[in-house]
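# Topology and contacts: notes
Spelled out, the chains give:
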Amino acid sequence: MDTLTVKKCLFPVAGLGTRFLPVTKEIAKEMLPLVNRPIISYGVEEALNSGCSDLIMITGRAKRSIENYFDRSFELEHLLKTRGKDELYEKMVAISNMAEILYVRQREPLGLGHAVLCGEPFCRDGYFGVILPDDVFISDKEEATPPVMAQLIDVHNRLGGSVIALEHVAREDVSRYGIIRSEVLSDGIHRILDMVEKPSIEEAPSRYAIMGRYVLSPSIFEILTKQGAGAGGEIQLTDAIKTLAKQEPVWGVVYRGRRFDCGTQKGWLAANVQLALEDPELRGVVLDIVKKVGDTSSGQKG
Ligand code: G1P
């Protein structure tokens with residue numbers, strides 16, 4: 001199966017990161033560490049491993065550190081080289097060689113739909129991917145699960161049309177996501193009939209939530225141009241895809257793999273602990289701390 005038909009991938013990264021204040025006052029939330037590398041690097045790796053080669057970041061004025069991260073740092077490289085730290089030197093060079101990335105400024109924070117519209121000049125000639133880097137997906141290595149973007153591209157290649165990633169979420173979580181109404185086909189594939197951004201539990205048409213991965217038809221741009229503000233007073237991508245689904249097929253795919261919600265402090269912290277526990281060098285450190293805390297609190301009780 002050819003999984004290389006979607007070459008372009010947009011990364012909306014202009015968000016202000018208010019859920020992480022005060023740390024995001026000066027640091028881009030996409031640059032927060034997930035163990036030892038920034039959150040954004042996981043999304044970039046996923047796009048590259050899914051066959052996307054042209055990456056476009058929709059960025060904002062406070063996000064220069066993302067550009068710097070993926071650029072060469074001659075001073076640092078020179079220092080590492082002259083100090084004989086060859087392994088680290090190679091690692092730093094590899095980061096800047098990872099991908100060709102274009103950067104476009106979203107001048108006003110008008111919402112996710114508007115951010116995607118900013119990518120139109122680069123994506124209007126074919127289907128393109130969108131990765132929301134807050135949703136970090138880790139593929140199951142033992143089961144050799146393909147990256148989630150590759151799973152979406154595969155559905156696009158088989159059925160045509162646009163594709164979004166879905167997860168069946170807990171009832172109390174539906175108001176945090178875009179929620180779909182669908183007709184269920186086989187193999188965890190849905191035909192999207194309707195969708196609503198961040199509904200109340202009562203309004204939610206199902207418990208299938210949109211996760212931050214999309215393969216979109218370029219027809220979305222014309223819809224977005226006319227799209228008024230929706231939930232939260234922002235131009236919502238969900239509202240535009242809802243209109244798209246009335247014109248062209250939009251599929252939902254219940255992804256395989258693990259998701260870490262790095263868009264909230266709790267989710268980000270949990271992801272760090274979980275991934276550290278899975279790292280052979282860090283596992284012992286986390287378990288020691290937990291054990292010490294456990295011993296202290298049981299000592300206090302006694
Ligand atoms: C965005 C989308 C929402 C989607 C969510 C996934 O919301 O608007 O439809 O369910 O990402 O993480 P945000 O998290 O930016 O509020």
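Below is a short write-up of the structure. Just so we're clear, the structure is a prediction, and the values are computed from it rather than from any experiment. (Residues numbered from 1 in each chain as written. Predicted model: local features only at pLDDT ≥ 70, side-chain atom pairs only at ≥ 80, totals over all residues. Heavy atoms only, no water.)

### Some points on the site of the ligand
- The ligand sits among Arg19, Leu112, Leu132, Asp135, Tyr177, Gly178, Glu197, Lys198, Ile210, Gly212, Gln236 and Thr238.
- Here an oxygen atom of the ligand and a side-chain polar atom of Arg19 are 3.5 Å apart.
- Between the ligand and the protein, one listed contact pairs an oxygen atom with a side-chain N or O atom of Thr238 at 3.2 Å.
- Relative to its unbound accessible area of 380 Å², the ligand is 83% covered by the protein chains.
- Considered class by class, the residues forming the shell around the ligand number four nonpolar, four polar and four charged. (Near = heavy atom within 4 Å. Polar contact = N/O pair within 3.5 Å; in protein donor to acceptor, adjacent residues only side chain to side chain. Areas by Shrake-Rupley, 256 points an atom, 1.4 Å probe, with all protein chains shown as cover. Nonpolar A, V, L, I, M, F, W, Y, C, P; charged D, E, K, R; others polar.)

### Looking at the packing of aromatic side chains
- Summed over the entire model, instances satisfying the criterion amount to four aromatic pairs.
- Here the aromatic rings of Tyr69 and Phe70 are separated by 5.0 Å at their centres, their planes lie at 85°, and the arrangement is edge-to-face.
- What makes Phe70 buried here is its relative accessible area of 6%.
- For the ring pair Phe137 and Tyr255, a centre distance of 4.7 Å and an interplane angle of 75° mean the geometry is edge-to-face. On the criterion of sequence distance, the pair formed by Phe137 in strand β7 (residues 135-138) and Tyr255 in the loop between β12 (250-254) and β13 (258-261) is long-range, its members being 118 residues apart. (Phe/Tyr/Trp six-rings, centres within 6.5 Å; stacked < 30°, edge-to-face > 60°. Buried < 20%, exposed > 50% of the residue type's maximum accessible area, 1.4 Å probe, protein only. Helix = DSSP H or I, 4+ residues; strand = E, 2+ residues; numbered from the N terminus.)

### What about the nonpolar core?
- If you look at the biggest cluster of nonpolar residues, it comprises 38 residues, and the most contacted ones within it are Cys9, Phe11, Ile40, Leu55, Met57, Phe70 and Met211.
- Within the residue set of this core, elements represented by two or more residues are β1 (8-12), α1 (39-49), β4 (54-59), α7 (148-159), β8 (162-168), β11 (208-216) and β12.
- No other element matches α7, which puts five residues into this core.
- Setting aside chain neighbours within four positions, we find Leu55 in contact with Cys9, Phe11, Val44, Ala47, Leu48, Ala99, Glu100, Ile101 and Leu102.
- Formed by 30 residues, the second largest nonpolar core is a distinct cluster that contains Ile164, Ile180, Met195 and Phe221. (Core = buried A, V, L, I, M, F, W, Y, C linked by side-chain atoms within 4.5 Å. Contact = heavy atoms within 4.5 Å.)

### With respect to the state of the cysteines
- Following the criterion strictly, the structure yields zero disulfides and no others.
- Cys9 takes part in no disulfide bond, and the closest cysteine sulfur, belonging to Cys52, lies 4.7 Å away.
- Of all cysteine sulfurs in the structure, the one in Cys9 sits closest to Cys262, which takes part in no disulfide; the separation is 17 Å. (Disulfide = S-S within 2.5 Å.)

### Let's talk about the side chain of Lys63
- Along the chain, Lys63 falls in the loop between β4 and α2 (64-69).
- Other than its neighbours up to four places away in sequence, Lys63 contacts Val13, Ala14, Gly15, Ala28, Lys29 and Glu30.

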